Amino acid sequence: MSEPLAPPPYVRAPSVGFLGSLPVDRVLARYDLAGSVAHVEMLGRAGLLAPAEVGALVAGLRRLGREVAAGTFPWRDELEDVHTNLESRLTELVGPVGGKLHTARSRNDQVALDERLYLRAAVRDLARRLLDLGSALLARAREERSTPMPGYTHVQRAQPVSVGHWLLAHFWRFERDLDRLRATAARANVSPLGAGALAGSTLPVDPRSVAERLGFDRAFHNSMDAVSDRDYFAELLFDLSLLAVHASALGEEVVLFATKEFGFLERTAALGSGSSLMPQKRNPDVAELLRGKTGRVIGDLVALLTTLKGLPLTYDRDLQEDKWPVLDAVATLTGVLDAAAELVRGLAFVPERLGAAACDPELFATDLAEMLVARGMPFRSAHAAVGSVYSPPSRPTGETLGAALGLSVEVIAEGLDPAHALARRASAGGPAPIEVARQITAAEASLAAGRDFLSSLDRQAELIEELLSEEQR
Ligand code: ARG
């Protein structure tokens, strides 16, 4: 019989055993070490460690940081998780004083701390990429501000818009995604360290100073909540799911627009690859994968919510399963955002096809009805009058429209002209180039605010680096 299938790399290594989480939580090592440095310093201030002990422990922790960064850290699968690995290696290096590291701390508040620090770093990575995607959409929207295209409802030609307006519609979705990540990171920026296993400590610890040292806004209010709360990961996974849904909608439209049927987009190499069988094929694989990756990310959200559902307070080992879905979703979205930005930069619009589609008289039916309204006709009557000229099988022309609606040839000609039609749609937030220009200004301001948010995350990241570097106290 055949060999059993080798486990894919994201499945727990058998050597780690059923209880272990090392293959996943290894990524938390830097945050775990930075948290330990802050914890040790606090124990020193509280008089629970002598200055020399603080010095030895901090130096040891920083050395571990260098080992982890260099890839030389001797990970031991049998030690279950990242926390135990780091503590036992520390004791190996610094001797019995290593046994004081875990004073007034539990892996329960420790892992929650590591996860919140990881979340900050993940949001930073994703925010940088979202800003890049936003800039790409905005740059293309500037170029295509006045390029008419049909706008669709029910995938039926509906009313005229511009390519710029279409691109900006996608921009605003991603803008809200960034805002959601900002809110999630803000709510998550609370330190759980000092909650202990679930009920704090009898020792004179000071969670507030640790929180401050690590760049948190504050420390927890309730020790039981602090060790069991995983809202931050659930929120992050929802944010990433919706972000993936938005990327999938962009991907779907690119797939459609690159068909021969639409023909709005050149089937360039930027969209994907050829078929291994059909020599004529140029498939929009990149856009399809923007759609395709979404299912797994939504699955990650559902997996975490299912793990959390009905868990009694406080820490339960089920919580160890919270990390897989988050790491998977973060890695997936990193790729999705990079690919989406590249795709947007590479979109090659086909002006002739867009132009021809944008001249379809059907797109201007509402405009003609509104012209009658402007001349005093009730909207319902105008709707009926225009509707009767457009009703199949008749194909309206300038003449039939003019005759039926009592409008001059010039007025009809203007009514059916895409450039005029765009300019007419100058209501707030509409597709008129003048309104799109206003949108672009608003979008620029929003990107600037996003960059400020990113700088605040940069500063938080620097704090972590500082805690692990020898250069300071
Ligand atoms: N590896 C564990 C996790 O990821 C760390 C916390 C373990 N706590 C415990 N009480 N066993 O959740």
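Look up a bit, the structure's there.
Residues numbered from 1 in each chain as written. Predicted model: local features only at pLDDT ≥ 70, side-chain atom pairs only at ≥ 80, totals over all residues. Heavy atoms only, no water.

Novice: Quick question: what am I supposed to make of the overall build of the chain here?
Specialist: A tally of helices and strands in the chain yields 19 helices and 6 strands. The C-alpha atoms of the chain give 29 Å as radius of gyration, which overshoots the globular expectation for 473 residues (23 Å, by more than 25%). Its C-alpha atoms give the chain principal-axis dimensions of about 95 × 60 × 45 Å. The buried share among the 473 residues of the chain stands at 48%. Considering only contacts in the chain between residues 6 or more positions apart, those separated by 24 or more positions represent 76%. Carbon together with sulfur atoms contributes 58% to the accessible area of the chain, which is approximately 22000 Å² in total. (Helix = DSSP H or I, 4+ residues; strand = E, 2+ residues; numbered from the N terminus. Rg over C-alpha atoms; globule rule 2.2 N^0.38 Å. Buried < 20%, exposed > 50% of the residue type's maximum accessible area, 1.4 Å probe, protein only. Contact = heavy atoms within 4.5 Å. Areas by Shrake-Rupley, 256 points an atom, 1.4 Å probe, with all protein chains shown as cover.)

Novice: Quick question: what am I supposed to make of the site of the ligand here?
Specialist: Taken together, Ser21, Asp25, Asp81, His83, Arg107, Asn108, Val111, Tyr315, Arg317, Gln320 and Lys323 make up the full set of residues adjacent to the ligand. The contact in question runs from an oxygen atom of the ligand to an N or O atom on the side chain of Tyr315, over 2.5 Å. Between Lys323 and the ligand, the recorded distance is 2.5 Å, taken from a side-chain N or O atom to an oxygen atom. The protein chains hide 88% of the 340 Å² of surface that the ligand would expose on its own. With 3 residues, the top contributor of residues to the shell around the ligand is helix H5 (residues 107–143). For the shell around the ligand, the residue count by class is 2 nonpolar, 4 polar and 5 charged. (Near = heavy atom within 4 Å. Polar contact = N/O pair within 3.5 Å; in protein donor to acceptor, adjacent residues only side chain to side chain. Nonpolar A, V, L, I, M, F, W, Y, C, P; charged D, E, K, R; others polar.)

Novice: Which parts of the structure should I look at to understand the nonpolar core?
Specialist: Where a protein is soluble and globular, its nonpolar side chains tend to be buried together. Core analysis: the biggest nonpolar cluster contains 108 residues, and Leu214 and Leu240 have the highest contact counts within it. Top contributing element to this core by residue count: H5, with 16 residues. Among all residues touching Leu214, those that are not within four sequence positions of it are Ala34, Gly35, Ala38, Leu113, Leu117, Arg120, Leu463, Ile464 and Leu467. Ala365, Ala369, Leu416 and Ala421 belong to the second largest nonpolar core, which has 17 residues in total. (Core = buried A, V, L, I, M, F, W, Y, C linked by side-chain atoms within 4.5 Å.)

Novice: Looking at this model, I keep getting lost on a nonpolar patch on the surface. Mind explaining?
Specialist: Taken together, the side chains of Leu198, Met224 and Leu313 define a hydrophobic patch exposed on the protein surface, amounting to about 280 Å² of accessible area. Among the structural elements, Leu313 can be located in the loop between helix H11 (294–308) and helix H12 (323–346). (Patch = residues over 30% accessible without salt bridge, like charges linked within 9 Å, V, L, I, M, F, W, Y side chains within 5 Å. Salt bridge = Lys/Arg side-chain N within 4 Å of Asp/Glu carboxyl O.)

Novice: Whenever I open this one, helix H15 (residues 379–390) confuses me. Can you help?
Specialist: Residues separated by three or four positions in an α-helix point in the same direction, a consequence of the helix having 3.6 residues per turn. With 12 residues, H15 ought to run about 16 Å at 1.5 Å a step, and its terminal C-alpha atoms sit 16 Å apart, in line with that. Of all the positions in H15, only Ala382, Val386, Val389 and Tyr390 are classed as buried. The buried side chains of H15 occupy one side of the element, clustering within an arc of 100° when seen end-on. Looking at the buried positions of H15, the neighbouring elements they touch are helix H14 (365–374) and helix H16 (398–405). (Expected span 1.5 Å × (residues − 1). Arc of directions from axis to C-beta.)

Novice: I tried to follow the packing of helix H9 (residues 231–257) against H12 on my own but got confused; where do I start?
Specialist: Each pair of packed helices gets described by two things: the angle between the helix axes and the distance between those axes. For the pair H9 and H12, interaxial distance at closest approach is 10 Å and the crossing angle is 30°. Compared by their axis directions, H9 and H12 come out roughly parallel. Seen along the crossing, H9 lies across H12 with a hand that is left-handed. Of the residues in H12, those in contact with Phe233, Leu236, Leu237, Leu240, Leu243, Ala244, Ala247, Leu250 and Val254 of H9 are Pro325, Val326, Ala329, Val330, Leu333, Val336, Leu337, Leu343 and Val344. Across the contact of H9 with H12, the residue classes break down as 18 nonpolar, no polar and no charged. (Axes fitted to C-alpha atoms, helices over the stretch in contact; angles between N-to-C directions. Parallel < 35°, antiparallel > 145°, perpendicular 65-115°, else oblique. Left-handed = near helix turned anticlockwise from the far one by under 90°.)

Novice: Honestly, the packing of aromatic side chains in this entry has me stumped. Any pointers?
Specialist: For any pair of aromatic rings, the description rests on two quantities: the centre-to-centre distance and the angle between the ring planes. Overall, the coordinates contain 12 aromatic pairs when judged by the stated rule. Ring geometry for Phe257 against Phe264: centres 5.3 Å apart, planes inclined by 50°, an arrangement best described as tilted. By the burial criterion, Phe257 is buried, and Phe264 matches it. Ring pairing ties together the aromatic residues Tyr152, Trp166, Phe257, Phe262, Phe264 and Phe349, which thus form one cluster. Over the ring of Phe216 we find Arg120, and its NZ or CZ is 4.9 Å from the ring centre. (Phe/Tyr/Trp six-rings, centres within 6.5 Å; stacked < 30°, edge-to-face > 60°. Lys NZ or Arg CZ within 6 Å of the ring centre and 35° of its normal.)

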